[in-house]
There are 2 protein chains.
Amino acid sequence: MNMQSYSHTLLTELGNIVGPSWVISDEDLSRWEQDWNQRARGKAFAVVLPASTDELASVVKFCAQAGMPIVPQGGNTGLVLGATPDDSGGQVIVSTSRMKRILEIDVENMTASVQAGCVLQELQEAVQNAGLLFPLSLGAQGSCTIGGNLATNAGGTQVIRYGNMRELCLGVECVLANGEIWNGMRALRKDNTGYNLTQLLIGSEGTLGIITAATLKLFPLPSVQHTAWAALSDLDKALDLLQLAHRHLGPSLTGFEVMGREAVRLVVKHMPSLPVPFAPACEDAWHAMIDCSAYGSASGSGAVFEHFLEQAVEKEYINDVVVATNEQQRAQLWHIRESIPMAQAQEGLNIKHDISVPVSSIPKFVETAHDAIARAVPGARFVTFGHLGDGNLHYNVQAPEGEDAISFRHTFEKQVNQIVYQAIQQFDGSFSAEHGIGSLKAEQLLKTKSDTEVAIMRSIKDALDPLGILNPGKVILPG
Amino acid sequence: MNMQSYSHTLLTELGNIVGPSWVISDEDLSRWEQDWNQRARGKAFAVVLPASTDELASVVKFCAQAGMPIVPQGGNTGLVLGATPDDSGGQVIVSTSRMKRILEIDVENMTASVQAGCVLQELQEAVQNAGLLFPLSLGAQGSCTIGGNLATNAGGTQVIRYGNMRELCLGVECVLANGEIWNGMRALRKDNTGYNLTQLLIGSEGTLGIITAATLKLFPLPSVQHTAWAALSDLDKALDLLQLAHRHLGPSLTGFEVMGREAVRLVVKHMPSLPVPFAPACEDAWHAMIDCSAYGSASGSGAVFEHFLEQAVEKEYINDVVVATNEQQRAQLWHIRESIPMAQAQEGLNIKHDISVPVSSIPKFVETAHDAIARAVPGARFVTFGHLGDGNLHYNVQAPEGEDAISFRHTFEKQVNQIVYQAIQQFDGSFSAEHGIGSLKAEQLLKTKSDTEVAIMRSIKDALDPLGILNPGKVILPG
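The written sequence of each chain sets the order in which its residues are numbered from 1. Each chain gets a letter, beginning with A, and each ligand a number, beginning with 1, in the order they are written. Note on the predicted model: pLDDT of at least 70 is required for a residue's local features to be given, and 80 or more for side-chain atom pairs to be given and counted; whole-chain, interface and lining totals, by contrast, use all residues. Based on all heavy atoms of the structure, the side-chain values leave hydrogens and waters out of the count.

> Quick rundown of unusual backbone geometry? Include the residues and the values.
Not every positive phi belongs to a glycine, and A:Asn76 is a case in point at roughly 55°. Strands are runs of DSSP state E lasting at least 2 residues, helices are runs of H or I lasting at least 4, and numbering of each runs from the N terminus. Mapped onto the secondary structure, A:Asn76 falls in the loop between β3 (70-73) and β4 (91-95). By relative accessible area, which is 11% here, A:Asn76 ends up buried. One non-glycine residue, B:Asn471, adopts positive backbone phi at about 45°. Tracing the chain through its elements places B:Asn471 in the segment after α17 (451-464). Remark: exposure states derive from per-residue accessible area (1.4 Å probe, protein chains only) relative to the maximum for the residue type, with buried under 20%, exposed over 50%, and partly exposed in between.

What follows is the structure, encoded as structure tokens:
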């Protein structure tokens, strides 16, 4: 049998499993082959869209027998090429996008069971309609899927209170590398019966199994939310403000974001219609957004929030502050914060890092990295923003004003990366706080982790995927 | 070399690693060989007490070379024979009790780094002195160790708000089966760089590695706590009350316990000096304890708590309620709750279960199991209490009034277990919510889990401990 007819046979067999119209190979595959950031485009053998866990399991079983590697894909919004095929044309993209049902919302148990392809925002809305909260909240929520959120252990803006996706999941259903289905969909808050395979699968980016459904924790829906935007002189004060917020607000503190001056300036520049507080001067070095979610009367929690801010002013932690007085203003403030990624994109490609260090080390980390980069790349602009409450900053370096972004990145990316990685190491941090490893950072993982840790990861990969069929080239490269 | 001199050589070698006085073999070993519940006593080759991670690693390396299995042990307060050696006389107990230092409390990062042998209560107190909270809270806290808490994924009374030990840990240091040390002590709230080995090790009961230290999450210290004790007619009303508490209190709800009438009666009987609310009649079928932790002024949160209770009375969820008006009264109410295990022990051995089901299924689970047991064992008494907020009940069956406890347990344990396990299965529950598997429930695990899940667990065990040196006979038995 020649190559072409062998391909044809494979496609026919896959079509027999999911239906011929759900195996796509002879049209434009760019929406699956191209990553969100337009960083790379692979070439897939085909895109297969199963309608159910059983179909997906049969696809995996077939691919395992045929020796054909699989790239699992949810909303394809990842930032580290974790769902992008290589350019061999020999990998099958298995998309969960047809498996998008919300299976159950159990109000009394405060849990939701959903299929992997359910879009995050759809789950958020359905849960809210049931009078509860699913707190995972991130920029891509209109497109990303629950399966992808689990595979990458998604974080976002409310981790300070609710944790990462890892903490929000009670159990998963998963298709293993041999096509067997493991059903770990337990809606239990306590279950100590053996190794926690759910926790092992979360964050493994589809390299140990394909998550097909999950049971997630829900929370009481806050009755009111208060949001403030403050201007600050430096990150030490931001840290003081964070401590004060923890002490005054306890678990009502559901968000604590910081934005460097340059990040705010880019929003002012590219989205001039947005009412950025303290613009257009933007003289303060840092801005902070504080979100407070409360239960019971708005006046009661409002008074607590006001008192916290008064204390912050009195202690001179903040130079100025505005408070949203209604839901519309609140949404507006968040919209400004969430416009930073788009504003920097409009300014031109930059050198991106998604770092974390202990919260207490944030000011020194930023100072260390800034100083070294400023010396190495005079005029570089620092677009720094992120989740101070979790010690997580998006630490991006932009070309000097007026310089060409692409050639800047080409020239300086390696050098800037080295400086940032060194500072991360100095402060016991992580080179990928939220975004994961994918193929983009797989080499960096090998450079950073101890031989012992790499060996354990490889032994787990070999134990669960001996043929190396699941998302090869991602997370942990073979030895 | 004969057996005796070979033993002597092994002891000498171990003594060379940790110092001869920290290898104990020729005196009474019962405090290490006998489990807390006096359920079984094993016979160890020796007890070894390393002073450091390096010493512990050398002990493991030596044992691996000598082919001598290791039983890791913390405070020896487990309830499933997870830290008890077999009776071969060939296993070495490795106790972490000398490795008990608190390494660091980072107030700004809200983390603590501790060695595995640190007693839970000592950590709680040190953290409180630093103005923060480590929320894990359970009966054995005066004796159990952080290492044991992690190895068993301890739960306790505040899981409803703070999660299990799993959710409280950011990273561990661990000695692997080959004696290598893996340092995963990252004080980061976001870190997506590869498989989460910390989460795999937590709850693995020393069968995949020996946890030697950990970095734990801390929380703002509540400024005030409110506690109520309510009398209820049935579990459906308890569930209504729980929902109401979630809606009114949000994350301030830090405890929601229920106690069946018989559990309360046993406290009244055996601890007559304790001021049990609504005693001596105990006519209500169920009692509930609700704990609320707040920040800011006591009057503000007190009013919210009172309003919640008023609503509960108005909706007739509760028949009666008392509220602790000071810290002493609050401690007293908790003391009553925590006296139940002792009271039932004084009444005589009973048949114990540590079950969980979805919170929404609790009333039906209890009804189903009660009916079947009452038919099978007329007069059996149900000592039911636990953490309703997590769907976790300690579901214990006591001999009929006046009957001999030991012969009752001997006669009926198997039959009662079968009924309970069947009900657990019917309601998608867990046969070990908090206590783990150890050797006591290892057979039950094999009966309950799918072949697929058992195969994954075995492949992980083989990958991380190919010689089967770490706590053999616990959690996952070989095929």
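> So what's going on with the sheet that holds strand β10 (residues 210-217) of chain A? Residues and values would help.
By way of backbone hydrogen bonds, the strands of a sheet pair with one another, either parallel or antiparallel. All names here are of chain A. Read across the open sheet, the five strands follow the order β5-β6-β10-β8-β9; overall the sheet is antiparallel. Of all the strands in the sheet, the pair left with one neighbour each is β5 (102-106) and β9 (181-183). Taken over all neighbouring pairs, the strand axes of this sheet differ in orientation by 15° on average, direction set aside. For two strands to count as paired, DSSP must find a minimum of two bridges between them. As judged from the four bridges shared by β5 and strand β6 (residues 111-115), these two strands associate in the antiparallel manner. The residue of β6 that forms the bridge with Asp106 is Thr111. Contacts are residue-level and defined by heavy atoms, with any inter-residue pair within 4.5 Å sufficient. Only the stretch in contact is used when fitting a helix axis, every axis being a line fitted to C-alpha atoms; angles between N-to-C directions are given from 0 to 180 degrees. The strands that helix α3 (residues 53-66) touches are β8 (169-175), β9 and β10; relative to β8, the one it contacts most, it runs at about 50°.

> So what about the environment of A:Ala130? Which residues, and what values?
All names here are of chain A. Turning to its location among the elements, Ala130 is positioned in the loop between α4 (120-129) and β7 (132-133). Here the alpha-carbon distance between Ala130 and Asp106, two residues 24 residues apart in the chain, equals 9.2 Å. Contact partners of Ala130, with chain neighbours within four places excluded, come to Ile105 and Val107.

> Which residues make up the packing of helix α1 (residues 3-18) of chain A against α3(A), and what are the values?
Residue and element names in this part refer to chain A. It is the contact of α1 with α3, at a shortest axis distance of 9 Å, that shows an interaxial angle of 160°. Put simply, α1 runs roughly antiparallel to α3. Along this stretch, α1 crosses α3, giving a crossing that reads as right-handed. Here Tyr6, Leu10, Glu13, Leu14, Ile17 and Val18 of α1 come into contact with α3, specifically with Glu55, Ser58, Val59, Phe62, Cys63 and Ala66. Three classes are used: nonpolar for Ala, Val, Leu, Ile, Met, Phe, Trp, Tyr, Cys and Pro, charged for Asp, Glu, Lys and Arg, and polar for all others, with Gly counted as polar. Partitioned by chemical class, the residues of the contact of α1 with α3 number nine nonpolar, one polar and two charged. Our angle categories are set so that under 35 degrees counts as roughly parallel, over 145 as roughly antiparallel, 65 to 115 as roughly perpendicular, and the remainder as oblique. For any pair of crossing helices, the crossing counts as left-handed if the nearer helix is rotated counterclockwise from the farther one by less than a right angle, and right-handed if it is rotated clockwise.

> Which residues make up the interface of chain B and chain A, and what values go with them?
Interfaces are often sized by the amount of accessible area the parts lose when they come together. Chain B puts 79 residues into the contact, and the matching count from chain A is 79 residues. Accessible area, probed at 1.4 Å, shrinks when two parts are joined; the buried area is that loss added up over both. Buried area between chain B and chain A, summed over both chains or domains, comes out near 6,400 Å², and the portion from carbon and sulfur atoms is 57%. For the chain B face of the interface with chain A, the top three residues by lost area are B:Lys190, B:Asn192 and B:Tyr195, together amounting to 17%. Salt bridge criterion: a side-chain nitrogen from Lys or Arg within 4 Å of a carboxyl oxygen from Asp or Glu. Inspection of the region where chain B meets chain A yields eight salt bridges. The partner of B:Glu453 in a salt bridge is A:Arg186, with the nearest N and O atoms 2.8 Å apart. Residues adjacent in sequence count toward polar contacts only when both atoms are side-chain atoms; beyond that, a polar contact is any pair of N or O atoms within 3.5 Å, and within protein one must be able to donate a hydrogen and the other to accept it. For the interface between chain B and chain A, the tally reads 44 residue pairs in polar contact (both at pLDDT 80 or more). Of all the elements in the fold, those that place two or more residues in the side of chain B that touches chain A are α6 (159-162), α7 (165-168), β9 (181-183), α8 (197-201), α9 (235-249) and α17 of chain B. Among the elements that make up the side of chain B that touches chain A, the one with the highest residue count is α17(B) (nine residues). For the side of chain B that touches chain A, the residue count by class is 31 nonpolar, 30 polar and 18 charged.

Interpretation note: all reported values are geometric properties and have no functional meaning in isolation.
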